[in-house]
Amino acid sequence: MRRLLLALAAVALALTGCTTGDGAVDVNNGGEFRFVEGTPRGEVIPADDRATAPEFSGTLLDGAEFSSTELAGDVAVINFWGSWCAPCRVESPEFQEVYAEVRDRGVQFLGINVKDTDQLARAFEENFGIEFPSLDDPRGEVALAFRDYPASAIPSTIVLDRQSRVAVVYTGAVRQDDLRGVLDLLMAEEG
C-alpha cells in the first residue's frame, strides 16, 4: 500500500512538472510538438491587434513549389495536420466540405503536413478526398515559423485575413460551423 501511495505521489509530481502554466503540457518528443488545451471556438482577433503572419515556402505534396505570398489578398485557412493524428481524420473531411463551399469566394485552404512520409500523407489526402493543397513539412519548419502561435500542437489551424495577418488561432479540432462563421466574418471585412 505504501509503495502504491509513493508511486501515485511520484506520478502527480511528474505531471505537475510538465505543465507550462498556460494550458500546455509538454511531451517528451524532442520538443517539437506538444499537446495543448484545445480552443473550443475561434476567437477573432480585433483587426488593429493582428500581427502579420510569417512568410514561408516549400514543396507541396504534389511536388509543386509554394510560397505563402500566394495567399495574399484572400482569407486563408492554414491547417497543421498529420496522418497519425486521430482528430485530423475527423477534421480534414469537414475542412474539405467547407473548402468546396468557399473556394470560389476568395478563401484559400492550405494544409501543412508534419511528421509524415510522402506516401502516408498522399494516401491520407486520397482516402479523405482532400482537394486543397498541402505543404510537406516533415521537419516542422513552417510550424516553427508560427512559433508565436501554438502551431506545434497538432491539429492546429490559423486563419489569415486578406492582409495576411493572423486573425484566428485554433488548437485542436475545429468545428465546421465555427469555421464557417469565422470565414463569413473575415470575408465581410473591408480588405
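Residues numbered from 1 in each chain as written. Predicted model: local features only at pLDDT ≥ 70, side-chain atom pairs only at ≥ 80, totals over all residues. Heavy atoms only, no water.

An unreviewed UniProt entry lists the protein chain under the name Peroxiredoxin, with Blastococcus aggregatus given as the organism. As its UniProt record puts it under Subcellular location (unreviewed entry), the protein chain is described as follows: "Cell envelope". (UniProt positions renumbered as here; feature names shortened; annotations may be inferred.)

**Considerations on the pattern of salt bridges**
Any two side chains of opposite charge can pair if their charged atoms end up close together. Tallied over the full model, the rule gives eight salt bridges. Between R180 and E101 there is a salt bridge, with its nearest N and O atoms 2.7 Å apart. Linking R180 in helix α5 (residues 176–188) with E101 in helix α2 (residues 86–102), this pair joins segments that are 79 residues apart in sequence. According to the relative accessible area criterion, E101 is partly exposed, its value standing at 39%. Salt bridges sharing partners connect three or more residues here, namely R50, D161, R165 and E189. (Salt bridge = Lys/Arg side-chain N within 4 Å of Asp/Glu carboxyl O. Helix = DSSP H or I, 4+ residues; strand = E, 2+ residues; numbered from the N terminus. Buried < 20%, exposed > 50% of the residue type's maximum accessible area, 1.4 Å probe, protein only.)

**Topic: the nonpolar core**
The tendency in soluble globular proteins is for nonpolar side chains to be buried side by side. Among the nonpolar cores identified, the biggest contains 27 residues, and F56, I78, F80, I112, F146, I158 and L160 are the most heavily contacted of them. Listing elements by their share of this core, those giving two or more residues are β5 (75–81), β6 (107–114), α3 (118–128), α4 (141–145), β8 (156–160) and β9 (166–171). With four residues, the single largest contributor to this core is β5. Among the nonpolar cores identified, the runner-up in size contains 20 residues, and F109, I130, V168 and M187 belong to it. (Core = buried A, V, L, I, M, F, W, Y, C linked by side-chain atoms within 4.5 Å.)

**Here's the deal with the pairing of β8**
Two faces, one strand: in a regular strand the side chains alternate between the faces of the sheet. Across the five residues of β8, five count as buried, placing the element largely inside the fold. Residues S156, I158 and L160 of β8 are buried on one face, and the alternating residues T157 and V159, pointing to the opposite face, are buried as well. Here five bridges tie β5 to β8, and the two strands are oriented antiparallel to one another. Directly across from F80, in β8, lies its bridge partner S156. Direction of pairing for β8 relative to β9: antiparallel, over a ladder of five bridges. Residue pairing across strands places L160 opposite V166, the latter belonging to β9. Once β8 ends, the chain turns through five residues before running back antiparallel as β9, passing S164 with a positive phi of about 60°. (Pairing = 2+ DSSP bridges.)

**Description of unusual backbone geometry**
Even without a glycine there, the phi angle at K115 is positive, about 60°. Overall, K115 belongs to the partly exposed group, its relative accessible area being 38%. Positive phi, close to 60°, is recorded for S164, a residue that is not glycine. Here S164 shows up in the loop between β8 and β9.

**Some words on α5**
Structural remark: α-helix, 3.6 residues per turn; residues separated by three or four positions point the same way. For α5, built from 13 residues, the straight-helix expectation of 18 Å at 1.5 Å per residue is met to within 8% by its first-to-last C-alpha distance of 18 Å. Those residues of α5 that fall on the buried side of the exposure criterion are Q176, D178, L179, V182, L183, L186 and M187. Around the axis of α5, the buried residues are gathered within 165° of arc, so they sit on the same side. Exposed residues pointing more than 90 degrees away from the buried face of α5 are listed as L185 and A188. (Expected span 1.5 Å × (residues − 1). Arc of directions from axis to C-beta.)

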